[in-house]
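Summary of the model geometry
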Amino acid sequence: MLTEIFRDVFDSMSLEISTDTGIDDIEDWDSVAQVNLVLAIESTFGIRFSLDQATGINSVGGFISAIEELK
């Protein structure tokens, strides 16, 4: 599910991610992409990130951990 979200946000159907994939691994992962990731993940999983989570998560693993906390 997260792979699909990342592929959609970064408009790359060939994008491969792992829990270790971080902000430095995806060239286009900037503040706008972060907002788009947060919104897409919140919508998909029916959750709401805190402001600290939304701005502080900088890896796929971070998103996974936050999702698990909020579910």
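Coordinates for the structure precede this section.
Residues numbered from 1 in each chain as written. Predicted model: local features only at pLDDT ≥ 70, side-chain atom pairs only at ≥ 80, totals over all residues. Heavy atoms only, no water.

1. With respect to the environment of glutamine 34
What counts here: Here a strand is any run of E in DSSP of at least two residues, a helix any run of H or I of at least four, and the numbering for each starts at the N terminus. Residue contacts are counted whenever heavy atoms from the two residues lie within 4.5 Å of one another. Two N or O atoms count as a polar contact when they lie within 3.5 Å, although within protein this holds only if one can serve as hydrogen donor and the other as acceptor, and sequence-adjacent residues are included solely when both atoms are side-chain atoms.
As for its placement among the helices and strands, glutamine 34 is situated in helix α2 (residues 31-45). Separated by 20 residues in sequence, glutamine 34 and alanine 54 place their C-alpha atoms 7.8 Å apart. Aside from chain neighbours lying at most four places away, what touches glutamine 34 is Trp29, Ala54, Ile57 and Phe63. Looking at glutamine 34, its side chain comes within polar contact range of the main-chain oxygen of isoleucine 57, at 2.9 Å.

2. Examining the side chain of serine 59
Rule in force here: Per-residue accessibility, obtained with a 1.4 Å probe over protein chains only, is compared with the maximum for each type, and a residue is labelled buried under 20%, exposed over 50%, and partly exposed between these values.
Along the chain, serine 59 turns up in the loop between α3 (51-56) and α4 (60-70). Residue serine 59 is classed as buried on the basis of its relative accessible area, which comes to 18%. A polar side-chain atom of serine 59 sits 2.9 Å from the main-chain amide nitrogen of glycine 62. Apart from residues lying up to four places away in sequence, serine 59 is in contact with Thr19, Thr21, Gly22 and Trp29.

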